[in-house]
Amino acid sequence: MSYAQSEVDVFIDVPKLNEAVARLGAQITRDYQGKEITVIAIMKGALPFAMDLLRNINGPVSLEVLGCSSYQGTETTGEVRITYDVTKPLAGRHLLVVEDIIDTGLTMKFLLENLQARHPASIKVCTLLEKPSRAKTKVQIDYKGLVIEDKFVVGYGLDFDEKYRNLPYIGVIKGTD
Ligand code: 5GP
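Residues numbered from 1 in each chain as written. Predicted model: local features only at pLDDT ≥ 70, side-chain atom pairs only at ≥ 80, totals over all residues. Heavy atoms only, no water.

1. Some points on the site of the ligand
So, point 1. Taken together, the neighbourhood of the ligand is formed by 15 residues, with T104, G105, T107, V153 and D159 sitting nearest.
So, point 2. At 3.3 Å from an oxygen atom of the ligand is found a side-chain nitrogen or oxygen belonging to E99.
So, point 3. Separating an oxygen atom of the ligand from a side-chain N or O atom of D100 is a distance of 3.0 Å.
So, point 4. For the ligand, whose unbound accessible area comes to 510 Å², protein coverage reaches 81%.
So, point 5. Elements with a minimum of two residues in the shell around the ligand: β5 (94-102) and α4 (106-116).
So, point 6. Among the elements that take part in the shell around the ligand, β5 stands out by supplying 4 residues, more than any other.
So, point 7. Classifying every residue of the shell around the ligand by side-chain character gives 6 nonpolar, 3 polar and 6 charged. (Near = heavy atom within 4 Å. Polar contact = N/O pair within 3.5 Å; in protein donor to acceptor, adjacent residues only side chain to side chain. Areas by Shrake-Rupley, 256 points an atom, 1.4 Å probe, with all protein chains shown as cover. Helix = DSSP H or I, 4+ residues; strand = E, 2+ residues; numbered from the N terminus. Nonpolar A, V, L, I, M, F, W, Y, C, P; charged D, E, K, R; others polar.)

This is the structure:
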């Protein structure tokens, strides 16, 4: 048994993730015909998903990464800060924000307000996972991979204390379910 299997139960396996990513890529390809997309991958959690998604978009794409983190203990206020910003101006571009999971929605609300202020031509949101039962604010989600119940998940970019980002599947840490 691998290190990961001994600590994390599989919740969404690799074939199911691949299927979701392929479906999202096909939808995005269809919707953006004739337009160049600027993908904004939110660090660190969304990186594996964003890279797989890029390979499933059949059209011109440029890639930016943006790091953000919530101030500790301020989940309710949704106070978020940008820890690493994009390197190119976003004015006039078609932005596709790619996130790993939308939980309370407060991070995405902050990001959308921040990005909107940079005058893009359009902004859409793609998230691999959504936990609607935890929503504290309504946020726009244009492309949604999978809806999950209120569980703390790790793997495929998602961490617990920086661990488990390298798992190829989404799982739940044993004993926490
Ligand atoms: P929100 O602002 O929507 O509450 O939270 C979004 C961020 O919280 C995600 O980008 C992610 O970093 C973290 N998060 C929310 N739920 C989970 C989870 O189940 N597992 C992990 N590893 N991170 C989560």
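2. Focus: helix α2 (residues 14-31)
So, point 1. The first and last C-alpha atoms of α2 sit 26 Å apart over 18 residues, in line with the 26 Å expected at 1.5 Å per residue.
So, point 2. Those residues of α2 that fall on the buried side of the exposure criterion are L17, A20, V21, L24, G25, I28 and T29. Angularly, the buried residues of α2 cover 165° about the axis, an arc narrow enough to put them on a single face. For α2, exposure combined with an orientation more than 90 degrees from the buried face picks out P15, E19 and R30.
So, point 3. Capping the start of α2 is the job of one residue whose side-chain oxygen sits 3.0 Å from the backbone nitrogen of K16: D13. (Expected span 1.5 Å × (residues − 1). Buried < 20%, exposed > 50% of the residue type's maximum accessible area, 1.4 Å probe, protein only. Arc of directions from axis to C-beta.)

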